[in-house]
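Working through the structure, step by step
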Amino acid sequence: MEKVDILSAKRHTLAHLLAAAVGEIYKFDKVKLTLGPAIDNGFYYDIDFGDEKVADSDLKKIEDRMYKILPKWTEWQHKEINKEEALTFFKNEYKAELINEIANRGEKITTYTCGGFTDLCRGGHTEHPASEISPDSFKLDRVAGAYWRGDEKNKMLTRIYGLAFENKEELDAYILQQEEARKRDHRKLGKELGLFTFSDYVGSGLPLYTPRGALVRRLLNDYVESLQSEEGYMQVWTPQIAKASLFKQSGHYDKYKEDMFRVVSNYSDEEFYLKPMNCPQHTQIYASEKRSYRDLPIRMTDFAMLYRDEQPGQLNGLARVRSFSQDDCHIFCTEEQVDEEIDRALAMIKKVMQTFGFKYKYRLSTRDPEHPEKYLGDPATWDKAEKWAEKIMKRNNIEYFEGVGEASFYAPKMDLIATDALGREWQLSTVQIDYVQPERFDLEYTDKDGSRKHPVMIHRAIIGSSERMLMILLESYAGNFPLWLSPVQVKVIPVRENHNEYAKEIFTLLKENNIRVELDDADSNLGGKVRDAKNNKIPYWIVIGDKEVEAGKVTLESRDSGNLGQISKEELISKFLEEIKTKK
Ligand SMILES: [Zn+2]
Ligand SMILES: [Zn+2]
């Protein structure tokens, strides 16, 4: 078995062990087992506890029982039984439902027994749990509610989650990472730092940015925009609503409508939608003029707001929103230009990831062979585009893995998966080779020989959604933005009133150099002012007292490296400008 299979067999086995422990403590004439699979970080079991209330405080005793019975779990007995035997053995309505389903599918009904505990199961266990599973590599995590089969019309069951890893070190590391993530929750940090808010009047999933938050968001977009502008991208601007006919032509109406907001006009029966992405609009800017091979490539960028109708239960701070913008670009080019355009896009992505210190790998997202109906366009062209994408990644020495079924409905994708400071993975950048949209919109250019051809459309994003990127950066930096991204970069703090004049001079000097500075000359104590700078995670502060006024210098203190001592005004400015420029 591969390593991941061994781990998932272990997690699956532990779900059985959890069920057995629950049975010993609560007795199966009172509680009913339902389903218990292995998951990403461990396992769970959904259990109907009847009248019994089970809470997090009960986990310890269940966990202790698991540790106690594990040594008796030396090997498995496996049995195939018929439907009647199964229904007699598992006297509960949940298992009966499962048994009937298995029988209806014409599959074998099998049970697995270990340590005297039997469950309905298809197999896939750790063969000798007692000797192969170390008790310190798993623990119970928490209790949650879950509807039987995820359907809210059904009864609410109790779900007990457990964590399980290869060994104690990996389990401890995971728990530590979770604790750290809770401390860094972007919703908490966003509030503490005053960056964004939500309002019931406005609606869920619709973030409102304060001046500070709006500034960080703009800095992020401006950074990407500056790189794009160097690379010959041109900003366009497109409205946030469009007629259904646009989305019918692009295919979004058929393939994506469930995720789109419908807009109703008072004056016409025409269907309108808020746009979920910029691609269809950009095709119409391309189509607005006659194009020749000499005009290509045309690179369009657009930071317009986009809207997606996410399920209310899925919304989560800035991580999952209904309104957002993307650094969404479209390159219209000839087939001969595709390689160079994508190489340049990949290089740009690499640069941005280095700035943020993210490790990353790519996913080659291709069609799901089982569901050809999910994709538009000619399968032969898809084959070509998929192979091409793979070749480009190989040529660029990019580490990638296959993501079968992860393509969009119009193109295969090279998707970048970044790892943040907490070791969490996020899908950020994407590059897509699209033959479908240019054909559906009948986009053309005149080639050298006078023939009319469809351009290739390359879809490309670097940071993806600004909202999601802001969330990732907030958590990854734990709110300690680097100097270039900090809403307030430095605070000037005079010790007493007689230092105000010199403090004001330093403040003005910094301002003149476009450094975002605040002067804290309120008549309050120094300790409180410094504490306030620290709480707001301001990268630097400058305390002005007698010594500084006398020397005509400043004492610089850093959030990350403590007191940096006295430096001249010139040194101060050049240090700041250099740090902002290099984005360190
Ligand atoms: Zn099993
Ligand atoms: Zn696009």
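Predicted model, so just to flag it, every value in this text is computed and none were measured.

Under the criterion given, the structure shown has 47 salt bridges. Between Asp48 and Lys155 there is a salt bridge, and its shortest N-O distance comes to 3.1 Å. Residue Asp48 is located in strand E3 (residues 42–48), and its partner Lys155 is located in the loop between strand E7 (138–147) and strand E8 (156–164); the two are separated by 107 residues in the primary sequence. According to the relative accessible area criterion, Lys155 is partly exposed, its value standing at 43%. Among the salt bridges present, the one from Asp532 reaches Lys491, with a minimum N-O distance of 2.7 Å. Of this pair, Asp532 sits in helix H17 (residues 526–535) while Lys491 is found in strand E26 (residues 490–494), placing the two residues 41 residues apart along the sequence. Salt bridges linked by common partners bring Arg363, Glu406, Lys413 and Asp415 together as one network.

Right, let's talk about the coordination of the zinc ion (ligand 1) for a bit. Around the zinc ion (ligand 1), the protein contributes the donor atoms His12 (NE2), His16 (NE2), Cys121 (SG) and His125 (NE2), at 2.0 to 2.1 Å from the metal centre. What the four donor atoms of the zinc ion (ligand 1) show is an angle range of 96 to 128° at the metal, which sorts the shape as tetrahedral.

Spatial ordering of the open sheet is given by E12-E14-E13, a layout of three strands whose pairing is antiparallel. Looking at which strands have only one partner, the edges of the open sheet turn out to be strand E12 (241–243) and strand E13 (262–263). Where E13 meets strand E14 (residues 272–274), two bridges bridge the pair, whose relative direction is antiparallel. Bridge assignment links Val263 to a residue of E14, and that residue is Phe272.

Okay, helix H12 (residues 338–356) next. The end-to-end C-alpha distance of H12, which contains 19 residues, comes to 27 Å, matching closely the 27 Å that a straight helix rising 1.5 Å per residue would cover. Every buried residue of H12 is accounted for by Val338, Glu341, Ile342, Ala345, Leu346, Met348, Ile349, Val352, Met353 and Phe356. In an axial view of H12, the angular spread of the buried residues amounts to 160°, which keeps them on one side of the axis.

Now for the nonpolar core. Formed by 55 residues in total, the largest nonpolar core has its most connected members in Phe356 and Ile433. Counting residues per element, this core draws most heavily on H12, which supplies eight residues. The residues touching Ile433, leaving out its near neighbours within four places in the chain, are Ile342, Ala385, Trp388, Ala389, Ile392, Ala411, Pro412, Met414, Val456 and Met457. Judged by nonpolar contacts, the second largest core, of 33 residues, contains Ala21, Ile47, Leu59 and Ile69.

Cut-offs applied
- Residues numbered from 1 in each chain as written.
- Chains lettered and ligands numbered in written order.
- Predicted model: local features only at pLDDT ≥ 70, side-chain atom pairs only at ≥ 80, totals over all residues.
- Heavy atoms only, no water.
- Salt bridge = Lys/Arg side-chain N within 4 Å of Asp/Glu carboxyl O.
- Helix = DSSP H or I, 4+ residues; strand = E, 2+ residues; numbered from the N terminus.
- Buried < 20%, exposed > 50% of the residue type's maximum accessible area, 1.4 Å probe, protein only.
- Donors = N, O, S within 2.8 Å, 3.2 Å for Na, K, Ca; no water.
- Tetrahedral: all angles 85-135°; square planar, octahedral: opposite > 155°, others 65-115°.
- Pairing = 2+ DSSP bridges.
- Expected span 1.5 Å × (residues − 1).
- Arc of directions from axis to C-beta.
- Core = buried A, V, L, I, M, F, W, Y, C linked by side-chain atoms within 4.5 Å.
- Contact = heavy atoms within 4.5 Å.

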